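Residue strings, one per chain:
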Amino acid sequence: ALRAVIHTGGSVKQHVAPTFWERGILVTSAADANAIPVAEFTLATILLEGKRAAAYVEGYRRHREIGGSWREAIPSAVNFGGTVGLIGLSRVGRRVAELLRPFAFDVLVADPHARESDASAVGARLVDLDEMLAASDIVSVHAPELPDTRHLLDDRRIGLLRRDAVVINTARGSLIDTEALVLRCRAGTLRAILDVTDPEPLPADSVLFDTPGIVLSPHIAGAMHAETGRLADSALEEIERIQRGLPAVHRVEGSSLSIIA
């Protein structure tokens, strides 16, 4: 008698077996609703990192003066004319690109499943991943966790990042080779803002906690507190549409499972 599974979270992969699609059971998720706070978190991080805010805050704390030679060691801000690279034109990736429209960034996207028209529709330009990494001041990861995306940012690709670049990861920790990231951050030529890690949660003795240039947050980019109301609203609206005989808006297609989060 089961007609539908209405998930109030993002990914359904850990909850629904392929049999559901084989039997024609409707499956929906609230991934679109959850993309909103993740994109907002990413935008805020991009703007603060582009301003080099953390370095100025720390310098001010240490030197207790607004001016001074300590400011000369901080890299130039990139919030005007800088380049932001988005790995993945996913729900979150598209929303981040849209949110960046009012700002003076050149936005690049790398996604093997996207078309040039998909990127241009959100104000971005589709390029090869290696090209994007070499050209970007800030790189934000929005790709799904799949067998072929594990360590997508490996030692070679992390090496392509320009000096003083910033990597933001709100997707999944396994997309970045942690060892290679730590080595580059220890060299003082890269910053990484990680809301997700590999493994997650981290052991208390993980080197990530004490590596200069790495900033950790405990997986807070997605919906939390009042923001979860969006997820509930999304699910309730789907149930109402089904009851009225209307098509679901946030249907998850079984054929897309191999490329979505």
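Residues numbered from 1 in each chain as written. Predicted model: local features only at pLDDT ≥ 70, side-chain atom pairs only at ≥ 80, totals over all residues. Heavy atoms only, no water.

Novice: Quick one: what's the story with the packing of aromatic side chains, residue by residue and with numbers?
Specialist: Overall, the coordinates contain 1 aromatic pair when judged by the stated rule. An angle of 65° between the planes, with centres 6.3 Å apart, marks the rings of Tyr56 and Trp70 as edge-to-face. Linking Tyr56 in helix H3 (residues 53–63) with Trp70 in the loop between H3 and strand S3 (80–87), this pair joins segments that are 14 residues apart in sequence. According to the relative accessible area criterion, Tyr56 is partly exposed, its value standing at 29%. For Arg71, the ring lying beneath its charged end belongs to Trp70, and the centroid distance is 5.9 Å. (Phe/Tyr/Trp six-rings, centres within 6.5 Å; stacked < 30°, edge-to-face > 60°. Helix = DSSP H or I, 4+ residues; strand = E, 2+ residues; numbered from the N terminus. Buried < 20%, exposed > 50% of the residue type's maximum accessible area, 1.4 Å probe, protein only. Lys NZ or Arg CZ within 6 Å of the ring centre and 35° of its normal.)

Novice: If you had to explain unusual backbone geometry to someone new, which residues and values would you point to?
Specialist: In this model, Asp198 is joined to Pro199 through a cis peptide bond whose omega is 5°. Relative to the assigned elements, Pro199 resides in the loop between strand S8 (190–194) and strand S9 (214–216). That bond from Glu200 to Pro201 is cis: its omega, 0°, falls within 30 degrees of zero. Note that Pro201 resides in the loop between S8 and S9. Backbone geometry at Arg52 places phi at a positive 60°, although glycine is not the residue there. The residue Arg52 is located in the loop between helix H2 (31–50) and H3 in this model. Using a relative accessible area of 11% as the deciding quantity, one classes Arg52 as buried. Despite not being glycine, Arg64 shows a phi value in the positive range, around 55°.

Novice: Could you give me a rundown of the pattern of salt bridges, with the residues and numbers involved?
Specialist: Overall, the coordinates contain 12 salt bridges when judged by the stated rule. One salt bridge in this structure joins Asp106 and Arg125, with 3.5 Å as the shortest N-O distance. Of this pair, Asp106 sits in strand S4 (residues 104–110) while Arg125 sits in strand S5 (residues 125–126); the two residues are 19 residues apart in sequence, bridging distant segments of the chain. Residue classification places Asp106 among the partly exposed residues on the basis of a relative accessible area of 34%. A relative accessible area of 42% places Arg125 in the partly exposed class. A salt bridge links Arg241 to Glu238, with the shortest nitrogen-to-oxygen separation between them at 2.8 Å. Of the two residues, Arg241 and Glu238 both sit in helix H9 (residues 228–243), 3 residues apart, roughly one turn of that helix. When its relative accessible area of 17% is taken as the criterion, Arg241 is described as buried. Bridged by salt links that share partners, the residues Asp130, Arg156 and Arg157 form one connected network. (Salt bridge = Lys/Arg side-chain N within 4 Å of Asp/Glu carboxyl O.)

Novice: Give a description of the layout of surface pockets that names residues and reports values.
Specialist: In this model, the second largest pocket occupies a volume close to 580 Å³. Lining of the second largest pocket is provided by 24 residues; of these, Ala55, Ala73, Ile74, Pro75 and Arg191 occupy positions nearest its centre. Looking at the lining of the second largest pocket, the elements with two or more residues in it are H3, strand S7 (165–169) and S8. A per-element tally of the lining of the second largest pocket places H3 first, with 7 residues. (1 Å grid on protein atoms, 1.4 Å probe; cavity = no way out; pocket = protein on both sides within 12 Å on 5 of 7 lines; lining within 4 Å. Points joined across faces, edges and corners; volume = space filled by probe spheres on them.)

Novice: Could you give me a rundown of the sheet that holds strand S6 (residues 138–141), with the residues and numbers involved?
Specialist: Strands pair in a sheet through their backbones, by hydrogen bonds, and they do so in one of two ways: parallel or antiparallel. Judged by pairing direction, the sheet is parallel, and its 7 strands sit side by side in the order S5-S4-S3-S6-S7-S8-S9 without closing on themselves. The sheet terminates laterally at S5 and S9, the two strands that pair on one side only. For S7 and S8, the ladder comprises 5 bridges, and the chain directions are parallel. Its bridge partner lying in S8, Asn169 is registered against Leu194. The strands that H2 touches are S3, S4, S6, S7 and S8; relative to S6, the one it contacts most, it runs at about 160°. (Pairing = 2+ DSSP bridges. Contact = heavy atoms within 4.5 Å. Axes fitted to C-alpha atoms, helices over the stretch in contact; angles between N-to-C directions.)

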